[in-house]
Amino acid sequence: MNVQEYIDNQAALEEEARAAMPWEPKKCTYEMGSIRQQIFACRTHENIGICYSCSVMCHTKCDIVELFTKRNFTCDCGTERDKMIKEHNCKCDVRKNVENDIASLSNKYGQNFKGLFCSCSTEYDPDSKAVMLQCVLGIECDEDWYHDSCIMGIDDSKKDAQVRIDDPVSGESTIEGFPHLDSFDAFICWKCISKYDYYFKRILSHHASDKIIQCKLGRDSEIIPDKINENGKRVIEEGQNNGEYSVFLKSDYSKEFKTLKAKLEKDDKLFIFLDKIAPFLIEDDPIYEPAAEPEDDTDIIQLVSKILQNGASVGGVVDTMVTFNSMKTKLNEYLKSFAENNRVVKEEDVKNFFRSVEE
Ligand SMILES: [Zn+2]
Ligand SMILES: [Zn+2]
Ligand SMILES: [Zn+2]
Ligand SMILES: [Zn+2]
Ligand SMILES: [Zn+2]
């Protein structure tokens, strides 16, 4: 097979891309304790949450659901929660522990671990055009993911009738009335807002709120217009659906929350909220990243373009195979950026990669 054929074979490439592992599955995060990391749920073994390495190395034949990041989570592979019966001695094939380790008590097991997401409690549908957003506060909803239509409170029967606007640049498709995806940085669901109603009323009526809040979106599927009263404060409007609303945060929200907190008295309830209950609104925990695949210093892009210029006639079969392997390393690096940004790899992305190689 020459390079041109390889590039033509897009469907195979896509498969290859999906199978490509962006990180080396060498280290289980159990010993690091409760950290923010990529979590996978194993539906074969009582919906336990496991780390990236364990999803690849230990629960290989299991029904795994990718949950993206969760805060304060400890890997449950090979702990007392893991009921997997191993043919050999080890409870976790990465940690090589012979006895089941003690399970963390702080792990929160919400519906995501059953593979269910959003207020509609459905499985993730990769073919759906719906935009899904993770709640950045997440205390009440266990950092759940929500469909745009569910955020707007559109009921199931009307979901398919919604007018979607396709963005040719990003390839995203949004419902009319939903905030532009590049207009906000983070999202807080209505469940978390209702739970911390007092604090959000304080934040929304604060003069700094227009630096923090991009918009409120009511569950009655309409953007609640901002009303400013004579004191220059926002009026909180109650919509339908019990006045439930979600909030979209501007890109500088962390910095602005920090400024806001610095101006509050230490015994102020809002100070305590930002300091103790939701400190990650000001500084989020770093996401643990497994070690990357070893670097390959061959300048593969140059190499491939040279081969293409020469009509794919350079070198024999062995050379070509070496080239493909190096190219795969580059592809893995490219795909890693998708994993880091929680983006799903589409066929078009892989094509773009090879177009960039061809140029
Ligand atoms: Zn693990
Ligand atoms: Zn399993
Ligand atoms: Zn394991
Ligand atoms: Zn939903
Ligand atoms: Zn939430």
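Everything that follows concerns the structure shown earlier in this document.
Presented here is an overview of the structure given in this document. (Residues numbered from 1 in each chain as written. Chains lettered and ligands numbered in written order. Predicted model: local features only at pLDDT ≥ 70, side-chain atom pairs only at ≥ 80, totals over all residues. Heavy atoms only, no water.)

L137, I188, F273 and L281 are the most contacted members of the largest nonpolar core, which totals 57 residues. Each of domain 2 (33–114) and domain 3 (132–281) accounts for three or more of the residues forming this core. Among the nonpolar cores identified, the runner-up in size contains 16 residues, and I50, C54, C58 and C75 belong to it. (Core = buried A, V, L, I, M, F, W, Y, C linked by side-chain atoms within 4.5 Å. Buried < 20%, exposed > 50% of the residue type's maximum accessible area, 1.4 Å probe, protein only. Domains from an automatic or database assignment.)

Here the focus is the coordination of the zinc ion (ligand 2). Taken together, the protein donors to the zinc ion (ligand 2) comprise C42 (SG), H45 (ND1), H59 (ND1) and C62 (SG), at separations of 2.0 to 2.3 Å. Around the zinc ion (ligand 2), the four donor atoms are arranged such that angles at the metal cover 102 to 115°; this shape is classified as tetrahedral. Read from N- to C-terminus, the donor residues coordinating the zinc ion (ligand 2) fall into the pattern C-x2-H-x13-H-x2-C. Looking at C42, the relative accessible area reads 0%, which means it is buried. (Donors = N, O, S within 2.8 Å, 3.2 Å for Na, K, Ca; no water. Tetrahedral: all angles 85-135°; square planar, octahedral: opposite > 155°, others 65-115°.)

Evaluated as defined, the whole model comprises 16 aromatic pairs. Ring plane angle 45° and centroid distance 5.5 Å describe the contact between F187 and F248, whose orientation is recorded as tilted. Placement of the pair is F187 in strand 8 (residues 186–188) and F248 in strand 12 (residues 245–249), with a sequence separation of 61 residues. The class for F248 is buried, based on a relative accessible area of 0%. Measuring from centroid to centroid gives 4.5 Å for Y199 and F273, while their planes differ by 15°, and the two rings are stacked. Here Y199 is found in helix 6 (residues 197–205), whereas its partner F273 is found in helix 9 (residues 269–277), with 74 residues between them in sequence. Judged by its relative accessible area of 15%, Y199 is buried. Joined through ring pairs, the aromatic side chains of Y146, F178, F184, F187, W190 and F248 make up one cluster. Over the aromatic face of F280 sits the side chain of R71, whose NZ or CZ is 3.6 Å from the ring centroid. Between K261 and the ring centre of F271, over which it is positioned, the NZ or CZ distance is 5.3 Å. (Phe/Tyr/Trp six-rings, centres within 6.5 Å; stacked < 30°, edge-to-face > 60°. Helix = DSSP H or I, 4+ residues; strand = E, 2+ residues; numbered from the N terminus. Lys NZ or Arg CZ within 6 Å of the ring centre and 35° of its normal.)

Turning to the sheet that holds strand 1 (residues 35–42), a few remarks are in order. Read across the open sheet, the three strands follow the order 2-1-3; overall the sheet is antiparallel. Each edge of the open sheet carries a strand with a single partner, namely strand 2 (48–50) and strand 3 (64–73). Within this sheet the neighbouring strands show an average axis-to-axis angle of 40°, counted without direction. The pairing of strand 1 with strand 3 spans six bridges and is antiparallel. (Pairing = 2+ DSSP bridges. Axes fitted to C-alpha atoms, helices over the stretch in contact; angles between N-to-C directions.)

Turning to the sheet that holds strand 12, a few remarks are in order. Taken in spatial order, the three strands of this open sheet run 8-12-9, and their pairing is antiparallel. Two strands lie at the open edges of the sheet, namely strand 8 and strand 9 (213–218), each paired on one side alone. In this sheet, adjacent strand axes meet at a mean angle of 20° when their direction is disregarded. Direction of pairing for strand 8 relative to strand 12: antiparallel, over a ladder of three bridges.

Glancing now at the pairing of strand 9. Most of strand 9 is tucked away, with five of its six residues classed as buried. Two elements, strand 9 and strand 12, share five bridges in a ladder whose sense is antiparallel. Of the residues in strand 12, the one forming a bridge with C215 is F248.

All of the protein donors around the zinc ion (ligand 4) are C118 (SG), C120 (SG), H147 (ND1) and C150 (SG); their distances to the metal are 2.1 to 2.3 Å. Considering all four donor atoms around the zinc ion (ligand 4), angles at the metal cover 100 to 120° and the coordination shape is tetrahedral. In terms of primary sequence, the donors binding the zinc ion (ligand 4) are separated according to C-x1-C-x26-H-x2-C. With C120 in the loop between strand 3 and strand 4 (132–134) and H147 in strand 5 (residues 145–147), the pair connects residues that are 27 residues apart, well separated along the chain.

Take the packing of helix 8 (residues 253–262) against helix 9 next. Look at helix 8 against helix 9: their axes get within 10 Å of each other, and the N-to-C directions meet at 135°. Accordingly, the angle class assigned to the pair helix 8 and helix 9 is oblique. Seen along the crossing, helix 8 lies across helix 9 with a hand that is left-handed. Of the residues in helix 9, those in contact with F257, L260 and K261 of helix 8 are L270, F271, L274 and D275. Residue classes in the contact of helix 8 with helix 9 are distributed as five nonpolar, no polar and two charged. (Parallel < 35°, antiparallel > 145°, perpendicular 65-115°, else oblique. Left-handed = near helix turned anticlockwise from the far one by under 90°. Contact = heavy atoms within 4.5 Å. Nonpolar A, V, L, I, M, F, W, Y, C, P; charged D, E, K, R; others polar.)

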